[in-house]
Amino acid sequence: MQSTVIPSEEAPSERQQAVLDAVLSLLVEQGHALTMTAVARRASCSKETLYKWFGDRNGLLTATVRWQASKVRAGNYDAQHLDSSALRESLQGFAVNWLTVISSRTSVALNRVAVGGAGSGRDALGAIVLANGRFAIGERLKPVLEAGRSAGLLAFDDAEEAFRTFFGLVGRDVQIRLLLGDDIALDAAEIDADARRATNQFFALYGAGKSPAKAG
């Protein structure tokens, strides 16, 4: 089924953001039982408005995942004047944002619903989360890595492989433990320390002077 969704390059309006936040809170409470009626009631809007804005339930879920994933950004950088300090700051900022988002109650609930329904045919949330979460975030960060390579600060052959390495260094086993119910309390100081550690480890693997073969 085709869905009318908010284009990825178009930020949701303040009112639409309130609706998407309502979806996230309902996913925490209801999981797969989420309905357009429940969202309309929680967000104090009509179902007609939801269908106009998002197309259908999958369109609404897609916009919700995009809204959550939009909080993960690598920060600003000048590709023409990129130095090691700016690159480290950008990568560390991405890591802080990502760890903050994935450790939130709403993201844990969203991912649990997506994993629980994957392959069941109940909905397309698993594919939606992959396309608009993990894969979209990768496409957002890879230009930063490529800018670092162009500036002679990083050495790698494949941007996707380099991104996956950084992603793994940042996330470690945190997300799977959260999904399985481990009560991990990540405060701002711990997140910042983890982000700094991951960035340092990434530079040890892919920093200037490393060959792509050694980096892999």
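Before reading on, note that the structure itself is shown above.
Peer 1: Before we go on, may I ask you to explain helix H5 (residues 84-102) in this structure?
Peer 2: The α-helix advances 3.6 residues per turn, and as a result positions three or four apart in sequence lie on the same side. Between its terminal C-alpha atoms H5 stretches 27 Å, which fits the 27 Å expected from 19 residues at 1.5 Å a residue. For H5, the set of buried residues is Leu87, Ser90, Leu91, Gln92, Phe94, Ala95, Trp98, Leu99, Val101 and Ile102. Packed against the buried residues of H5 are helix H4 (57-69), helix H6 (105-117), helix H7 (125-150), helix H8 (159-171), helix H9 (174-179) and helix H10 (188-206).

Peer 1: Whenever I open this one, the layout of surface pockets confuses me. Can you help?
Peer 2: Empty pockets left among the atoms are what a rolling probe the size of a water molecule brings to light. The calculated volume of the largest pocket comes to roughly 460 Å³. Taken together, 22 residues form the lining of the largest pocket, with Asn111, Val129, Gly133, Arg134 and Gln175 sitting closest to its centre. Breaking the lining of the largest pocket down by element, the ones donating at least two residues are H4, H5, H6, H7 and H9. Broken down by element, the lining of the largest pocket gets its largest block of residues, six residues, from H7. When grouped by side-chain class, the residues that make up the lining of the largest pocket number 15 nonpolar, six polar and one charged.

Peer 1: Sorry, what's going on with the side chain of threonine 64 here?
Peer 2: Mapped onto the elements, threonine 64 comes out in helix H4. Once residues within four sequence positions are removed from consideration, threonine 64 is found in contact with Leu20, Val23 and Leu24.

Peer 1: It is not clear to me how the nonpolar core should be interpreted in this structure. Could you clarify?
Peer 2: A general feature of soluble globular proteins is that nonpolar side chains tend to end up buried together. If you look at the biggest cluster of nonpolar residues, it comprises 35 residues, and the most contacted ones within it are Leu91, Trp98, Leu145 and Phe202. For this core, the secondary structure elements donating two or more residues are H5, H7, H8, H9 and H10. Among the elements that line this core, the one with the most residues is H5, at eight residues. What phenylalanine 202 contacts, discounting residues up to four positions off in sequence, is Leu91, Leu145, Leu154, Ala162, Phe166, Leu169 and Gly207. Ala22, Met36, Leu60 and Leu110 belong to the second largest nonpolar core, which has 27 residues in total.

Peer 1: Before we go on, may I ask you to explain the packing of aromatic side chains in this structure?
Peer 2: The description of an aromatic ring pair uses the distance of the two centres, along with the angle that the planes make with each other. Applying the stated criterion across every chain yields a total of eight aromatic pairs. The interplanar angle of 65° and the centroid separation of 5.2 Å between the aromatic rings of phenylalanine 166 and phenylalanine 202 together place this pair among those described as edge-to-face. Here phenylalanine 202 lies in helix H10 and phenylalanine 166 lies in helix H8, a separation of 36 residues in the sequence. Just as phenylalanine 166 is buried, phenylalanine 202 falls in that class too.

Peer 1: Hey, could you run me through the packing of helix H1 (residues 14-30) against H6 in this one?
Peer 2: Axis angle and axis distance: for two packed helices, these are the angle between their axes and the distance between the axes, and together they describe the pair. Packing of H1 against H6 brings their axes to within 8 Å, and their N-to-C directions diverge by 65°. Regarding H1 and H6, the two cross each other, and that crossing is left-handed. For the pair formed by H1 and H6, the contact residues are Leu24, Leu27 and Val28 on the first element and Arg105, Thr106, Ala109, Leu110 and Val113 on the second.

Peer 1: For this particular structure, what's the right way to read the environment of serine 103?
Peer 2: Mapped onto the elements, serine 103 comes out in the loop between H5 and H6. Here serine 103 falls in the partly exposed class, since its relative accessible area comes to 24%. Each C-alpha atom of the pair serine 103 and glutamine 175 lies 7.3 Å from the other, and the pair is 72 residues apart in sequence. Discounting chain neighbours no more than four positions away, the residues touching serine 103 are Val108, Leu178, Leu186 and Ile191. At a separation of 2.7 Å, a polar atom in the side chain of serine 103 contacts the main-chain carbonyl oxygen of leucine 99.

Cut-offs and rules
Residues numbered from 1 in each chain as written. Predicted model: local features only at pLDDT ≥ 70, side-chain atom pairs only at ≥ 80, totals over all residues. Heavy atoms only, no water. Helix = DSSP H or I, 4+ residues; strand = E, 2+ residues; numbered from the N terminus. Expected span 1.5 Å × (residues − 1). Buried < 20%, exposed > 50% of the residue type's maximum accessible area, 1.4 Å probe, protein only. Contact = heavy atoms within 4.5 Å. 1 Å grid on protein atoms, 1.4 Å probe; cavity = no way out; pocket = protein on both sides within 12 Å on 5 of 7 lines; lining within 4 Å. Points joined across faces, edges and corners; volume = space filled by probe spheres on them. Nonpolar A, V, L, I, M, F, W, Y, C, P; charged D, E, K, R; others polar. Core = buried A, V, L, I, M, F, W, Y, C linked by side-chain atoms within 4.5 Å. Phe/Tyr/Trp six-rings, centres within 6.5 Å; stacked < 30°, edge-to-face > 60°. Axes fitted to C-alpha atoms, helices over the stretch in contact; angles between N-to-C directions. Left-handed = near helix turned anticlockwise from the far one by under 90°. Polar contact = N/O pair within 3.5 Å; in protein donor to acceptor, adjacent residues only side chain to side chain.

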